[in-house]
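Below are the chains, spelled out letter by letter.
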Amino acid sequence: MGALATAYHVLGGIQKAKKEHEKETNVYGRNGPVQATKKQSEQETDEGSQDDIHQQVNQRKNAPVSPKEEGTVPEKPLTGSAAILARLKQQRAQSRTNAEEKNETSGTEASKASGKQVHVLHGGEAAAEVARDLVDEASRKGYDAKAVPMDDFKALKLEEKNSICLFVVETVENAMPAEAAGTCVRYFNRKRKQGEAGLLQGKLHYAVVALGDTNLLLDRQTTTAKDCNQAGQALDTALHYLGAARICNRCEANDAVGFEEALVPWLSNMWKELESVYKSNERVEKKMLLGPELLILYGSQTGNSAEIAKNIGAECTEKGVRNQVMEMQEAGNPTDVWKPDTVTLVVVSSTGDGDPPDNCATFYSRLRRRSNPPDMLRGVKFAVLGLGDQNYTDFMAVPRTFHRRLEDLGGEAFLPRMEIDEVEGIEQQLEEWTERFWPALEKTLSKNAFDVEVKSAVNGEETLPMEDKKSFENLERVPPCPVVRVLIEDAEMPLLDIDPNEDEVHLHYQVPVQECILLTDAASDRRVLHLDVDVSNTSLASSFSPGDSIGVLPCNDHQLVDELLERLQFDPNRVFRITPASDAEKNKQLLPHIKTPCSVRKCFLEYLDITSVPRKSFLRLLAEFCTDDNDKYSLLELCSRNGRELYNQQIQKSEPGLLGILEKYKSCAPSLESLVDALPPLLPRMYSVTNSPLRTPNNIQVAFSVVQYVSEGGFLRRGVATNWLDSNFGPGKASDSHSLSIFLKGGGHFRLPEDVTAPLIMIGPGTGVAPFRGFLQHRAEQAKKEQKQPGEMWLFYGCRRRNEDYLYGSEFESMHDDGIVKLVVAFSREQEHKVYVQDRMLEHQKALYDLICKRGAHIFVCGDGAKMAKDVHACMEKILCEGGMSPADASSKLSALTKEGKYIRDIWS
């Protein structure tokens, strides 16, 4: 790669070169500096081959330069690489001569006296040229800088001493590291694979300059443009995993377009960040990761538990505590990860009616096995952090089960279980818990597991990484950056597609869509569809029940994915596989929701959630990929404690997706590895079954609103699944050739009582009425079959107007006329003042009181949990108080009904 070595020079003599050639416009490319005109470029390229150039360089490189020749153009000019190398040598010689005239020795002594030592390690011919210029520039800035061949890296004892190093790494043919860089790159990559995550923590601050040339890859069909910097990328990934702190993001310079295009702006930022490292080192001395490892496992349906787990893991790293964070589905069996002396934190939520999240269901069921020996987890020390929503019946069932089973099997809690009610707000409760968690964890690990910052962190002081502190000192409690756990490797697409129905948790079925009809008026801004799928050729026929739901696996919008990949500059057709970043995780199935090998486009279409509101940990990660200080500051501010209101306004209320964030922060360029690891999975959407198998055994029917609105921030928000279903199976689009992948999920407690004579009170505004259609069909068919009079049933239904969104209205009225149900409808907008279901309930409070308190009615509520469910709950308390109960007794009565399974809510936010 000799041409690279002769092509580069922007650093050491750049100011002098600009003055000498201020009338020229030079572009440094593979063949050296060329004039701005195409004609001259062609002439220079044609004047000699690379062999001729090297011969000219070898003839001239040791020749003395006379004062007369210095800084002038030869009578017969050298061209291409020979010309630039000759000029570089002249400029360096001149700059050194001038420096000697100005007593360079005293300057060097001053740099050494400053104590600001920097080692510039280089591997490759071009890298050596760049390194020499970096040393010259660093010396002028007051650093004690030394160039060190990468072959000699062990002499620096980077694993023992505090060091600051700049690595200049060259990638040569076949995307391999230059020979001089290979030993160093392979050494640290091997340490990464062995899982030595804390090896360089607190010891090394570094930056990487990756040099390469895409022209060397043009004959390789399996490579992309980024592979020309593969050696630098591999070293950067390894050092970061081993705990070394980046001074700034790596520079990737491509000789095909000219090194200086990437190097010049990168250097400007790097020198600023390097100075901030030294200032930070004066305040804080980081230590190595010590002590036992904390294993953090999470089960999360909506992302809250995952966010908390990842933040705690990142903060552990910041405090010097070795840790692993993974979802339970990645962990396998409990005994695979919970060995004797394991210290673990379980962060888990309950979903629906006391069900485990999908990504921990298998792990949860294995933990609950009665065949587990009673000492299976002896020696394990644990803490459980539970999340739930009090609007659900068994909203803490799963965290409580985890805690109980861990104790039953021999584990020992090092902290009492914490239960966070999402209705009461997560953040304040979490802060109170963490104040207890850190001291308890420190005592449990008990081997100097924390560094000197632990006390300040517990007391609420900033934990911003050192390399960020100079520019961002006014930010309070910026969370540490999450670790990227995976690597991306190029792969070939398998001959057979991976089965899309493969799923440990659910059995999927491909079923034809029989019909899809519009239930609302075409002129309404609400679009509700009724979807009917044929399950006659599956085991679902006749086996489902009212109250069950079907899960649908959607795809992201194709146009949105194309726009996102274009912004990210990812090759949509690149086929890749995912591998663990360390050997410590090689037996774990990381990111099981991504079925690889697959193309980048398929991954973003089918596996990743790219539209949900970004969480703080994700914004923190994105900040690391910003090259503009303003962009980085803004993202860090959104993550910080003093940026809470900003996050609320700009993110939670504004609701930008990933593309919206990237369009705002132009310099942010996250890697594929970081996105596949950090983006949440694209989850299946659940829809309540709205028919009875006693009436239509071979069909499952659901109803759903097509979600589309403009957020407060002006972003068009479109429901992923509902718009995908409408686009592919909407009215006029369904046919025999259309099939849909679904799975069935039981309704839990949300199902009809076995006793057909038990009275029911059903409350379901909007699409919340859908499951009650199935309830009523089922009760009617049961009564016929058993020849019994069904129990009294009331349906309180709410919608806007009779002629706009009165879903299944004629069918409900027919049932009302037949005496099957007492139908009470609140048409909220058919009169001057709005009327809701709770208003209609108060009109019938005496009948409802008797049903609840005297006849043992079962109460079912379905629909919006943000407001409606709370208002209905308050209404029932009022009805009980009007019947003679005190407020405390009314509240206790509803709580008792909940525990008895007679007050069941299926709600969503």
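A quick note: this is a predicted structure, and the numbers were derived from the prediction, not measured.

With that settled, consider the overall build of the chain. The secondary structure content of the chain amounts to 31 helices and 30 strands. Within the span of the chain, comprising 909 residues, buried residues form 54% of the whole. Long-range pairs, those at least 24 residues apart, make up 79% of the contacts in the chain with a sequence separation of at least 6.

Strands in a sheet are paired, the pairing made by backbone hydrogen bonds, and the direction either parallel or antiparallel. Read from one edge to the other, the open sheet built from three strands follows the order β15-β19-β20, with strand pairing classed as antiparallel. With partners counted over all chains shown, the strands left at the sheet margins are β15 (486-490) and β20 (598-599), one partner each. Here strand β19 (residues 575-580) pairs with β20 via two bridges, running antiparallel. Counted as the bridge partner of F576 is C598 from β20.

On to helix α29 (residues 845-853), then. When we look at burial in α29, the residues that qualify are L848, Y849, L851 and I852. For α29, the angular spread of buried residues about the axis comes to 165°, placing them on one side. Against the buried residues of α29 lie β26 (760-763), β27 (793-799), α28 (837-843), β29 (858-864), α30 (868-882) and α31 (887-900).

For the rest of this paragraph, the subject is the packing of aromatic side chains. Enumeration over the complete set of coordinates arrives at 23 aromatic pairs. Look at F153 and F188: their rings are 5.5 Å apart centre to centre, the planes differ by 55°, and that puts the pair in the tilted class. In this pair, F153 sits in the loop between β4 (144-149) and β5 (163-170) while F188 sits in helix α8 (residues 179-193), placing the two residues 35 residues apart along the sequence. Here the two residues F153 and F188 agree in accessibility, since each one is buried. Their ring planes at 20° and their centres at 5.8 Å tell us that Y797 and Y806 sit as a pair that is stacked.

Our focus in this paragraph is the nonpolar core. Counting 45 residues, the largest nonpolar core has C603, F604, L619, L635 and V676 as the members making the most contacts within it. A total of five residues in this core trace back to one element, the largest contributor, which is helix α20 (residues 616-623). Look past the residues within four positions of V676 in its chain and what remains in contact with it is V486, I488, L591, I594, C603 and L608. In this structure, L134, L166, C251 and W266 belong to the second largest nonpolar core, which totals 30 residues.

Let's shift gears to the pattern of salt bridges. All told, the structure shown has 40 salt bridges when counted by the stated rule. Between E843 and R840 there is a salt bridge, with the nearest N and O atoms lying 2.8 Å from each other. With E843 and R840 both in helix α28 and three residues apart, this pair spans about one turn of that helix.

With parallel pairing, the five strands of this open sheet are ordered in space as β28-β27-β26-β29-β30. Of all the strands in the sheet, just β28 (822-827) and β30 (903-908) have a single pairing partner and so form its edges. Across the sheet, the axes of successive neighbouring strands diverge by a mean angle of 10°, strand direction being ignored. The sheet contact formed by β26 and β29 spans four bridges and is parallel. If you follow M762 over to β29, its bridge partner there is F860. Sitting on the sheet, α30 touches β26, β29 and β30, and the angle it makes with β29 is about 150°.

Turning our eyes to something else, we now look at the pairing of β4. Pairing between strand β3 (residues 117-123) and β4: six bridges, direction parallel. Of the residues in β4, the one forming a bridge with Q117 is D144.

What follows covers the environment of A383. Relative to the elements of secondary structure, A383 occurs in strand β12 (residues 381-388). C-alpha separation for the pair A383 and A413, spaced 30 residues apart in sequence, amounts to 5.5 Å. In this structure A383 touches T344, L345, V346, F414 and L415, once residues within four positions along its chain are discounted.

With that out of the way, let us pick up the packing of α8 against helix α9 (residues 230-241). The geometry of α8 relative to α9 is characterised by a closest axis approach of 9 Å and an angle of 40° between their N-to-C directions. On the basis of their axis angle, the class for α8 and α9 is oblique. Relative to α9, the crossing made by α8 is left-handed. Facing C184, V185, F188, N189 and R192 of α8, the residues of α9 in contact are A231, A234, L235, T237, A238, L239 and Y241.

The subject of this paragraph is the environment of S582. Tracing the sequence through the fold places S582 in the loop between β19 and β20. For the pair S582 and R192, spaced 390 residues apart in sequence, the C-alpha to C-alpha distance is 5.3 Å. Ignoring anything within four residues of it in the chain, the contact list for S582 reads R192, K193, G195 and Y241.

Here the focus is the packing of α20 against helix α21 (residues 629-639). Between two packed helices, both the angle of their axes relative to each other and the distance between the axes serve to describe the pair. Look at α20 against α21: their axes get within 8 Å of each other, and the N-to-C directions meet at 160°. With respect to α21, the element α20 is oriented roughly antiparallel. Crossing hand, α20 versus α21: left-handed. Counting all contacts with α20, which are made through K616, L619, R620, L622 and A623, the residues of α21 involved are K632, L635, L636, L638 and C639. Its residues assigned to classes, the contact of α20 with α21 shows seven nonpolar, no polar and three charged.

A few words on the confidence of the model for the chain. Averaged over the chain, the pLDDT score is 81; the fraction of residues at 70 or greater is 79%. Note on residues 1-89: pLDDT under 50 across the span, and 126 contacts to partners over four residues away in sequence or across chains. Long-range and interchain partners of residues 447-471, a stretch whose pLDDT sits below 50, account for 78 contacts in this model, where long-range means more than four residues apart.

A few words on the environment of S688. Tracing the sequence through the fold places S688 in strand β21 (residues 685-688). With relative accessibility at 13%, the residue S688 sits in the buried group. Considered as a pair, S688 and P771 are 83 residues apart in the sequence and their alpha carbons are 5.7 Å apart. When sequence neighbours within four positions are dropped, the list of residues in contact with S688 reads D548, S549, Q701, V702, A703, P771 and D906.

Further remarks concern α30. A rise of 1.5 Å per residue sets the reference length of α30, with its 15 residues, at 21 Å; its end C-alpha atoms lie 21 Å apart and thus fit the reference within 8%. Among the residues making up α30, those that are buried are M868, A869, V872, C875, M876, I879 and L880. Across the axial projection of α30, the buried residues extend over an arc of 135°, all falling on one side. If you follow the buried residues of α30, they end up packed against β26, α28, α29, β29, α31 and β30.

Here the residue pair T596 and P597 is connected by a cis peptide bond, since its omega of 5° sits within 30 degrees of zero. Mapped onto the secondary structure, P597 falls in the loop between β19 and β20. A positive phi angle is found at K157, which is not glycine, with a value near 50°. In this structure, K157 sits in the loop between β4 and β5. The phi torsion at Q569 lies on the positive side, around 60°, for a residue other than glycine. Of note, Q569 is situated in the loop between α18 (558-568) and β19.

Reading the values: rules and limits
Residues numbered from 1 in each chain as written. Predicted model: local features only at pLDDT ≥ 70, side-chain atom pairs only at ≥ 80, totals over all residues. Heavy atoms only, no water. Helix = DSSP H or I, 4+ residues; strand = E, 2+ residues; numbered from the N terminus. Buried < 20%, exposed > 50% of the residue type's maximum accessible area, 1.4 Å probe, protein only. Contact = heavy atoms within 4.5 Å. Pairing = 2+ DSSP bridges. Arc of directions from axis to C-beta. Phe/Tyr/Trp six-rings, centres within 6.5 Å; stacked < 30°, edge-to-face > 60°. Core = buried A, V, L, I, M, F, W, Y, C linked by side-chain atoms within 4.5 Å. Salt bridge = Lys/Arg side-chain N within 4 Å of Asp/Glu carboxyl O. Axes fitted to C-alpha atoms, helices over the stretch in contact; angles between N-to-C directions. Parallel < 35°, antiparallel > 145°, perpendicular 65-115°, else oblique. Left-handed = near helix turned anticlockwise from the far one by under 90°. Nonpolar A, V, L, I, M, F, W, Y, C, P; charged D, E, K, R; others polar. pLDDT = per-residue confidence, 0-100. Expected span 1.5 Å × (residues − 1).

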